[in-house]
Amino acid sequence: MGDLFLVRHGETEWSRSGRHTGSTDVPLTEHGREEARRLVPLIRSHRIGAAFVSPLQRARETAELIGLHEARVDVDLREWDYGGYEGVTTVEIRRGRPGWFLFTDGVTPGPPEHPGETPDQVGERADRMLARADAALGSTEGAVVLVAHGHFLRVLTARRLGLPASAGALFQLATGTVCRLSTEHERPVIAGWNLRPGP
């Protein structure tokens, strides 16, 4: 089987300010577009068999900028549903909820259309996405690329490694980076993390 490449979208105004950005469809900043463009050599240096992208514009634009024009939109790649914490920073949340931590405490309920997700619910989506990625890896030659969001991709990495969704807390993930999940002796491993081309 080939490798699984994870691409976190480039910077947005909300990611720069630390606001939790789940369903809010904010665009990339110009810096975020440049972050994405700089990833082209990392992607082009591998044979890509299939690519999947979140439906949100920050991920779709990143996929386009790195040359993944045929990436399939998959709703399971959307970011964590932050419920009542959408658009709120961790500092603001902790004013009323000291010690709050997303990966263990989850979110407060939001409106009916975005009620919020628990870590395990995000993990279930990640498991479904991994099953589709594995099917693609088994039916095509080359790697599979997933273009999505920071917190979701951290949970997906934990699940790939056989860890609980809450273990996504261990994998800090910057905007505009590539991560490579591979295997060693038939076991899943992290082969590269927060990769960017050199200066």
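My aim in this report is to walk through the structure given alongside it, one point at a time. Computed from a prediction, not measured in an experiment: that's the story for all the values here. (Residues numbered from 1 in each chain as written. Predicted model: local features only at pLDDT ≥ 70, side-chain atom pairs only at ≥ 80, totals over all residues. Heavy atoms only, no water.)

Some details on unusual backbone geometry
Then comes step 1: Even without being a glycine, His185 presents a positive backbone phi close to 55°.
Then comes step 2: Along the chain, the position of His185 falls in the loop between strand 5 (177-184) and strand 6 (187-195).
Then comes step 3: Note on His185: relative accessible area 66%, which makes it exposed. (Helix = DSSP H or I, 4+ residues; strand = E, 2+ residues; numbered from the N terminus. Buried < 20%, exposed > 50% of the residue type's maximum accessible area, 1.4 Å probe, protein only.)

Some words on the packing of aromatic side chains
Then comes step 1: This structure, assessed with the given rule, holds 5 aromatic pairs.
Then comes step 2: Taking the centre distance of 5.6 Å and the plane angle of 85° together, the rings of Trp80 and Phe103 count as edge-to-face. Remark: Phe103 occurs in helix 6 (residues 102-105) and Trp80 occurs in the loop between strand 3 (72-73) and helix 5 (90-96); sequence separation between them is 23 residues. The pair Trp80 / Phe103 is uniform in exposure class, with both members buried.
Then comes step 3: On the numbers, 5.3 Å between centres and 75° between planes, the contact of Tyr85 with Trp100 is edge-to-face. Taken together, the positions of Tyr85 in the loop between strand 3 and helix 5 and Trp100 in the loop between helix 5 and helix 6 put the pair 15 residues apart, joining distant regions of the chain. (Phe/Tyr/Trp six-rings, centres within 6.5 Å; stacked < 30°, edge-to-face > 60°.)

Looking at the pairing of strand 6
Then comes step 1: Where strand 5 meets strand 6, 6 bridges bridge the pair, whose relative direction is antiparallel. For Arg180, the partnering residue across the bridge sits in strand 6 and is Gly192. (Pairing = 2+ DSSP bridges.)

A closer look at helix 8 (residues 150-160)
Then comes step 1: Burial runs high along helix 8: 10 of the 11 residues are buried.
Then comes step 2: Looking at helix 8, one finds that the buried residues are Gly150, His151, Phe152, Leu153, Arg154, Val155, Leu156, Thr157, Ala158 and Arg160.
Then comes step 3: Considering only its buried residues, helix 8 is in contact with strand 1 (4-8), helix 6, helix 7 (119-139), strand 4 (143-148), strand 5 and strand 6.
Then comes step 4: Downstream of helix 8 by one or two residues, Gly162 has phi in the positive range, about 80°. (Contact = heavy atoms within 4.5 Å.)

Describing the packing of helix 2 (residues 30-37) against helix 4 (residues 57-65)
Two quantities define a packed helix pair, namely the angle between the helix axes and the distance between the axes.
Then comes step 1: Closest axis-to-axis distance for the helix 2/helix 4 pair is 8 Å, and the angle between their directions is 45°. With respect to each other, helix 2 and helix 4 are oriented oblique. Here helix 2 and helix 4 pass one another in a crossing that is right-handed. Residues Arg33, Ala36 and Arg37 of helix 2 lie in contact with helix 4, whose contacting residues are Glu61, Thr62 and Leu65.
Then comes step 2: Its residues assigned to classes, the contact of helix 2 with helix 4 shows 2 nonpolar, 1 polar and 3 charged. (Axes fitted to C-alpha atoms, helices over the stretch in contact; angles between N-to-C directions. Parallel < 35°, antiparallel > 145°, perpendicular 65-115°, else oblique. Left-handed = near helix turned anticlockwise from the far one by under 90°. Nonpolar A, V, L, I, M, F, W, Y, C, P; charged D, E, K, R; others polar.)

What to know about the environment of Ala36
Then comes step 1: Here Ala36 shows up in helix 2.
Then comes step 2: Residue class for Ala36 comes out buried when judged on its relative accessible area of 0%.
Then comes step 3: Taking C-alpha positions, Ala36 is 9.8 Å from Val178, a pair spaced 142 residues apart along the chain.
Then comes step 4: Beyond its immediate stretch of four places on either side in the chain, Ala36 contacts Thr62, Leu65 and Ile66.

Fair warning: the whole summary comes from geometry, so function is off the table for now.
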